[in-house]
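A closer look at the structure
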Amino acid sequence: MRTLDDLRRELARMDGRGYPAYRDLQGAWDLGPAVLHVDHVQSDPYAPPSKIRLVLDRAATAVPAELVREHSQRVAAGDHLTRLLCDALRRVGPSGRDKAAGSLRMMVPGQQVLERTAVLVDRERVELRLEAALPAGGRRIRGRAATALLAEALPEAVERSLLPGALDVEALRKHVELVLDQLDLQSQLRERGLIAFVGEGSILPRASGDSDLPLRRGAQPLQCPETLRTSFELPSGRMVTGMGIPEGITVIVGGGYHGKSTLLRALERGIHPHIAGDGREWVLTRPDAVSIRAEDGRSVAGTDISPFIGGLPQGTDTSAFVTANASGSTSQAAGLVEALEARSPALLIDEDTSATNFMIRDARMRALVPADAEPITPFMDRIGPLRRQLGVSTVLVAGGSSAFFEAADHVIAMESYQPRDATAQVRQLIAEQPAALEEGDDELFPHGVDRVLPAGALGAPRRDGGSVRGRRERGSSGDGERPKPSRARGLHTIQRGHEDVDLSALAQLMEPGQTQAIALALDAAAGHLDGTTTAAAAIDRVLETIDRDGLDALSPRRGHPGDMAMPRRAEILAALSRCRSLAERSS
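On to the overall build of the protein, then. Helix and strand counts for the protein stand at 14 helices and 28 strands. Dimensions along the principal axes, computed over C-alpha positions, put the protein at roughly 85 × 55 × 40 Å. Counting the 587 residues in the protein, one finds 54% classified as buried. A separation of at least 24 residues holds for 71% of the contacts in the protein among residues at least 6 apart in sequence. Summed over all atoms, the accessible surface of the protein reaches about 24600 Å², with 47% contributed by carbon and sulfur. In the protein, which carries 72 positive and 80 negative side-chain charges, the distance between the mean positions of the two groups comes to 7 Å.

A word on the sheet that holds strand E11 (residues 229–233). The strand order across the open sheet built from 4 strands is E11-E12-E10-E14, with neighbouring strands paired in antiparallel fashion. Where the open sheet ends on each side, the last strands, each with one partner, are E11 and strand E14 (283–285). Pairwise comparison of adjacent strand axes, ignoring direction, gives a mean angle of 35° for this sheet. Bridge count between E11 and strand E12 (residues 239–246): 5 bridges; the pairing is antiparallel. Opposite Arg229, over in E12, you have Met243 as the bridge partner.

Across 5 bridges, the pairing between strand E13 (residues 249–254) and strand E20 (residues 410–415) is parallel. Bridged to Ile252 within E20 is Ile412. The pairing of E20 with strand E21 (residues 418–421) spans 4 bridges and is classified as antiparallel. Looking at the pairing, Ile412 lines up with Asp421 of E21. Adjacent in sequence and paired antiparallel, E20 and E21 are bridged by 2 residues, among which Ser416 carries a positive phi angle near 50°.

This brings us to the packing of helix H2 (residues 71–92) against helix H4 (residues 169–188). Pairs of packed helices are described in terms of their axes, by the angle between the two and the distance that separates them. Closest axis-to-axis distance for the H2/H4 pair is 9 Å, and the angle between their directions is 130°. Considered as vectors, H2 and H4 are oriented oblique to each other. Both H2 and H4 take part in a crossing whose hand is right-handed. Residues Ser72, Gln73, Ala76, Ala77, Asp79 and His80 of H2 form the contact with H4, whose participating residues are Ala171, Leu172, His175, Val176, Val179, Leu180 and Leu183. Split by residue class, the contact of H2 with H4 holds 8 nonpolar, 4 polar and 1 charged.

Further remarks concern the packing of aromatic side chains. All chains considered together, the criterion is met by 5 aromatic pairs. When the ring of Phe197 is compared with that of Phe232, the centres are 5.1 Å apart and the planes differ by 80°; the resulting orientation is edge-to-face. With Phe197 in strand E10 (residues 194–199) and Phe232 in strand E11, the pair connects residues that are 35 residues apart, well separated along the chain. Pair check on accessibility: Phe197 and Phe232 agree, each one buried. Between Phe308 and Phe358, the aromatic rings sit 5.5 Å apart at their centres with planes inclined by 45°, giving tilted as the arrangement. Of this pair, Phe308 sits in the loop between strand E16 (300–303) and strand E17 (321–323) while Phe358 sits in helix H7 (residues 356–359), and the two are 50 residues apart along the sequence. Take Phe308 and Phe358: they sit in the same class, and that class is buried.

Here we come to unusual backbone geometry. Positive phi outside glycine occurs at Arg343, with the angle close to 65°. Relative to the helices and strands, Arg343 is located in the loop between helix H6 (328–341) and strand E18 (346–350). According to the relative accessible area criterion, Arg343 is partly exposed, its value standing at 48%. Phi at Ser416 is positive, roughly 50°, even though this residue is not glycine. On the secondary structure map, Ser416 appears in the loop between E20 and E21.

Here we take up the sheet that holds strand E26 (residues 487–488). Reading across from one edge, E26-E27-E28 is the order of the 3 strands in this open sheet, with antiparallel pairing throughout. Every interior strand has two partners, whereas the edge strands, E26 and strand E28 (499–502), have only one. In this structure, E26 lies alongside strand E27 (residues 493–496), joined through 2 bridges in antiparallel fashion. The residue of E27 that forms the bridge with Arg487 is Gln495.

To continue, consider the environment of Arg13. Along the chain, Arg13 turns up in helix H1 (residues 4–14). Residues Arg13 and Gly143, 130 residues apart in the sequence, show an inter-C-alpha distance of 7.6 Å. A polar side-chain atom of Arg13 sits 3.3 Å from a polar atom in the side chain of Asp24.

For the rest of this paragraph, the subject is the packing of H2 against helix H3 (residues 143–161). With their axes 9 Å apart at the nearest point, H2 and H3 run at an angle of 135° to one another. The orientation of H2 relative to H3 falls into the category oblique. Classified by chirality, the crossing of H3 by H2 is right-handed. Touching Leu84, Leu85, Ala88, Leu89, Arg91 and Val92 of H2 are Ala153, Glu156, Ala157, Val158, Arg160 and Ser161, all from H3. Taken together, the residues of the contact of H2 with H3 sort by class into 8 nonpolar, 1 polar and 3 charged.

Here the focus is helix H5 (residues 260–269). The buried fraction of H5 amounts to 7 of the 10 residues, a majority that puts the element mostly inside the structure. For H5, the complete set of buried residues consists of Lys260, Thr262, Leu263, Leu264, Ala266, Leu267 and Glu268.

Tallying each qualifying case throughout the model produces 41 salt bridges. Residue Asp87 pairs with Arg90 through a salt bridge whose shortest N-O separation is 3.7 Å. Taken together, the positions of Asp87 and Arg90, both in helix H2 and 3 residues apart, correspond to about one turn of that helix. Residue class for Arg90 comes out exposed when judged on its relative accessible area of 55%. As a salt-bridge pair, Glu415 and Arg420 come within 2.9 Å of each other at their nearest N and O atoms.

The rules behind each value
- Residues numbered from 1 in each chain as written.
- Predicted model: local features only at pLDDT ≥ 70, side-chain atom pairs only at ≥ 80, totals over all residues.
- Heavy atoms only, no water.
- Helix = DSSP H or I, 4+ residues; strand = E, 2+ residues; numbered from the N terminus.
- Buried < 20%, exposed > 50% of the residue type's maximum accessible area, 1.4 Å probe, protein only.
- Contact = heavy atoms within 4.5 Å.
- Areas by Shrake-Rupley, 256 points an atom, 1.4 Å probe, with all protein chains shown as cover.
- Lys, Arg positive; Asp, Glu negative; His and termini not counted.
- Charge placed at Lys NZ, Arg CZ, Asp CG, Glu CD.
- Pairing = 2+ DSSP bridges.
- Axes fitted to C-alpha atoms, helices over the stretch in contact; angles between N-to-C directions.
- Parallel < 35°, antiparallel > 145°, perpendicular 65-115°, else oblique.
- Left-handed = near helix turned anticlockwise from the far one by under 90°.
- Nonpolar A, V, L, I, M, F, W, Y, C, P; charged D, E, K, R; others polar.
- Phe/Tyr/Trp six-rings, centres within 6.5 Å; stacked < 30°, edge-to-face > 60°.
- Polar contact = N/O pair within 3.5 Å; in protein donor to acceptor, adjacent residues only side chain to side chain.
- Salt bridge = Lys/Arg side-chain N within 4 Å of Asp/Glu carboxyl O.

Structure, rendered in structure tokens:
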């Protein structure tokens, strides 16, 4: 194997040559602390960065064997090491602003702990997956800068983050322990009859509207109401006490800027563990709870929204509703039914992001517009049957209407970001001022909610079992053209062929790596849509492959799939449902 000195000499030889000469770097190089694998070299300075990997024997690092025995331990350890390496790269590597210096970068984690492909840890080895923008002056190689990048900054980043003497083993141990405790608490929610748990002392507010970092100054630690207080004993021996949010219908109320939507946002993100110091470490929600909102203009393909919307003036069939431009009410109905299709046990809804005519219709409006002239059956009339017939709970933020009080099992009032159990007070108000709650007893979904999509609904399958629509790229072996995989463009957009799939309404997506995994999962699911398999079953087959072979199995770049994070079943199904090609083929 070529050595670090060989790498230095090779980069010196390349200095001043045309950029394509960098391709001679492909292969393995022993850097001492790690083996560098150059998997792919960019074609020019303006192309996507080169793909590199660093592989270390786990025994040569400071990572203890007892912390990587189980899958959940390995995910937690990988998360921690990713954060350490990202920090080391920021300290020792170029900023990336100057193409003459190049840059090293990798997937940057957020506040949540996710399974990612950036750093893989097992009992035998640690593998780090990065991108390198190789230095250039115009379109010529800058060999000295490349030496500083690959032969100096890269080994130094590893030495500063993973090797004995640099890695804080106790901090790693505490991180893994915290994540395992959070996952254990989350697994107990169902048997306790809870949808979510909010730990005493949690800091719910964030630093700003566009930040997921905790508010540092002026934030008040949460104090839980005695009537909702519950405790969990966890594997580490830790005892955690806080507010349990029970199954059923919970309505969150409060004045403006008192924290009701902030609480719901925390519950939305509580589907994943959080890092220490986030403030929401002990805000944990059932992992398959789904946030629902209105989404004007989205496409809908074959979704049964008839329990909520029917008898449209044009005679449109809402039992298999198809549109390329949904209204607020039809989009929210579709999103809700798709959550049921994903088998979500709980819906998280904020009236601020909902279509008013989908949510409620008061007595005066009912008198003015009779039921036979109104195609929308409001959610207010369905929230109870959803719970009784399907076992689906709802956590709902209501700021301007008491319409849901009659249906509520629990009411939480937020006052200066502190929760108060207002259930007894609301029941007294109902007794003094009763209001009619119109709920039908008819079965909501007599035929189920699973959709069978047309064969080829997501495009023609690729050779590897995936699919793509429209875009093609030149095959590396000179065998003509092959389909180009779908890809993420940031957190909320997937590019599939000539189509951009808009995921901006999916509030529970945390990182662009999840979006990238969803993009490739859609390609893989396309091969299972044969006209007889349901959309949910096609996604389940993809998830079975991931369970068996890991997230790497999704990527057509077998040597370097370092840009993915694990999505949920609900998000993959939601993305599939928003592909406009489905609406085109289903209409």
